[in-house]
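Structural overview
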Amino acid sequence: DTGVSQNPRHKITKRGQNVTFRCDPISEHNRLYWYRQTLGQGPEFLTYFQNEAQLEKSRLLSDRFSAERPKGSFSTLEIQRTEQGDSAMYLCASSLGLPRGAEAFFGQGTRLTVV
Amino acid sequence: AQKVTQAQTEISVVEKEDVTLDCVYETRDTTYYLFWYKQPPSGELVFLIRRNSFDEQNEISGRYSWNFQKSTSSFNFTITASQVVDSAVYFCALSEEMEYGNKLVFGAGTILRVKS
């Protein structure tokens, strides 16, 4: 399978715990994105990497959230001290840098439930 | 700010009917890209089409067709002879330039239910 892969698919955690999600993009894609999707809404942008550099972060990304992409390959998204409002689907996407406006390919997401 | 509006929250049709999903956008950019994605129950967003702002030619791909009208800021999606497998949530999205790249701004989605 050469698509975008995300693990785990589902995560249930208690409020206050830390969680970490992993995303493996399409191998030749240098751009990687994290989005969050709540029920009944479209995905919302969280952060963006070009290779290993995190170049953009949304205001939605509170200081409890941190993302990394070591060596420009896979990426991790960590949420510290989870809150019930963090319950959502976390989607990872990757794309080529060119052509401008290249389509992003999404993984199946990690569904987080904070109880 | 960039904005995408999908006014139809949910549409139900009977198999073989044609259905059109509406998308209206707002942008301050002179060059931009529009996208449609399909999200089946499995959760993965499946890319359907990309259209750039300087190409208003309509596109057809099998049972799918797209009508881009810059004058009305609309990018509508029509499924001809719908099938049960078309049941999904469909998202329209607009590219937004950031300082170091671009991101997608999505509409709220339209749930399409095709009944046999």
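Each remark here, short or long, concerns the structure printed above.
Attention in this report is confined to the structure presented alongside it. (Residues numbered from 1 in each chain as written. Chains lettered and ligands numbered in written order. Predicted model: local features only at pLDDT ≥ 70, side-chain atom pairs only at ≥ 80, totals over all residues. Heavy atoms only, no water.)

1. Quick notes on the sheet that holds strand E8 (residues 75-79) of chain A
Residues and elements named next belong to chain A. If you walk across this open sheet you meet the four strands as E1-E3-E8-E7, and the pairing is antiparallel. Each end of this open sheet is capped by a strand with a single partner; those strands are strand E1 (5-7) and strand E7 (65-68). Adjacent strand axes in the sheet meet at a mean angle of 15°, parallel and antiparallel pairs treated alike. Pairing of E7 with E8 involves four bridges; the strand directions are antiparallel. Bridged to Phe-65 within E8 is Ile-79. (Pairing = 2+ DSSP bridges. Helix = DSSP H or I, 4+ residues; strand = E, 2+ residues; numbered from the N terminus. Axes fitted to C-alpha atoms, helices over the stretch in contact; angles between N-to-C directions.)

2. Examining the interface of chain B and chain A
Taken together, the contacts link 23 residues of chain B with 25 residues of chain A. Summed over both sides, the interface of chain B with chain A buries roughly 2,100 Å², with 52% coming from carbon and sulfur. When residues of chain B are sorted by the area they lose upon contact with chain A, Leu45(B), Tyr100(B) and Asn102(B) head the list and together hold 23% of the total. Counting every contact that joins chain B to chain A gives one salt bridge. At the level of secondary structure, the elements contributing two or more residues to the side of chain B that touches chain A comprise strand E5 (33-39), strand E6 (46-52), strand E10 (88-97) and strand E11 (102-106) of chain B. Here the residues of the side of chain B that touches chain A sort into eleven nonpolar, seven polar and five charged. (Contact = heavy atoms within 4.5 Å. Buried area = accessible area lost by both parts, 1.4 Å probe. Salt bridge = Lys/Arg side-chain N within 4 Å of Asp/Glu carboxyl O. Nonpolar A, V, L, I, M, F, W, Y, C, P; charged D, E, K, R; others polar.)

3. Examining the environment of Pro41(B)
Residue and element names in this part refer to chain B. Structurally, the position occupied by Pro-41 is in the loop between E5 and E6. Here Pro-41 falls in the exposed class, since its relative accessible area comes to 81%. Distance from Pro-41 to Ser-87, taken between C-alpha atoms, is 8.9 Å for residues 46 residues apart in sequence. (Buried < 20%, exposed > 50% of the residue type's maximum accessible area, 1.4 Å probe, protein only.)

4. Comments concerning the nonpolar core
Grouped together as the largest cluster of nonpolar side chains are 23 residues, with contacts concentrated most on Trp36(B), Phe75(B), Phe77(B), Tyr90(B) and Leu112(B). Sort the elements by how many residues they give to this core and E10(B) lands first, with four residues. When residues no more than four places from it in sequence are discounted, the contact partners of Phe77(B) are Val19(B), Thr20(B), Leu21(B), Trp36(B), Leu48(B), Tyr64(B), Ser65(B), Trp66(B) and Tyr90(B). By size, the runner-up hydrophobic cluster in this structure holds 19 residues, among which are Ala88(A), Tyr90(A), Cys92(A) and Leu112(A). (Core = buried A, V, L, I, M, F, W, Y, C linked by side-chain atoms within 4.5 Å.)

5. Observations concerning the pairing of strand E8 (residues 64-69) of chain B
All names here are of chain B. Residues Tyr-64, Trp-66 and Phe-68 point to one face of E8 and are all buried, whereas Ser-65, Asn-67 and Gln-69, pointing to the other face, are not buried. Alignment of strand E7 (residues 59-61) against E8, held across three bridges, turns out to be antiparallel. For Glu-59, the partnering residue across the bridge sits in E8 and is Trp-66. Between the end of E7 and the start of E8, which pair antiparallel, lie two residues, with Gly-62 showing a positive phi angle near 65°. Note that E8 and strand E9 (residues 74-79) share six bridges and pair antiparallel. Residue pairing for E9: Phe-68 is matched across the bridge by Phe-75. Counted between consecutive antiparallel strands, the loop separating E8 from E9 contains four residues, among which Ser-73 sits at a positive phi close to 50°.

6. Examining the environment of Asn51(A)
All names here are of chain A. With respect to the element layout, Asn-51 can be found in the loop between strand E5 (44-50) and strand E6 (53-57). In this structure, the C-alpha to C-alpha distance between Asn-51 and Ser-5, residues 46 residues apart in sequence, is 17 Å. Each residue touching Asn-51, except ones within four places of it in the same chain, is listed here: Asn-30, Arg-69 and Gly-72.

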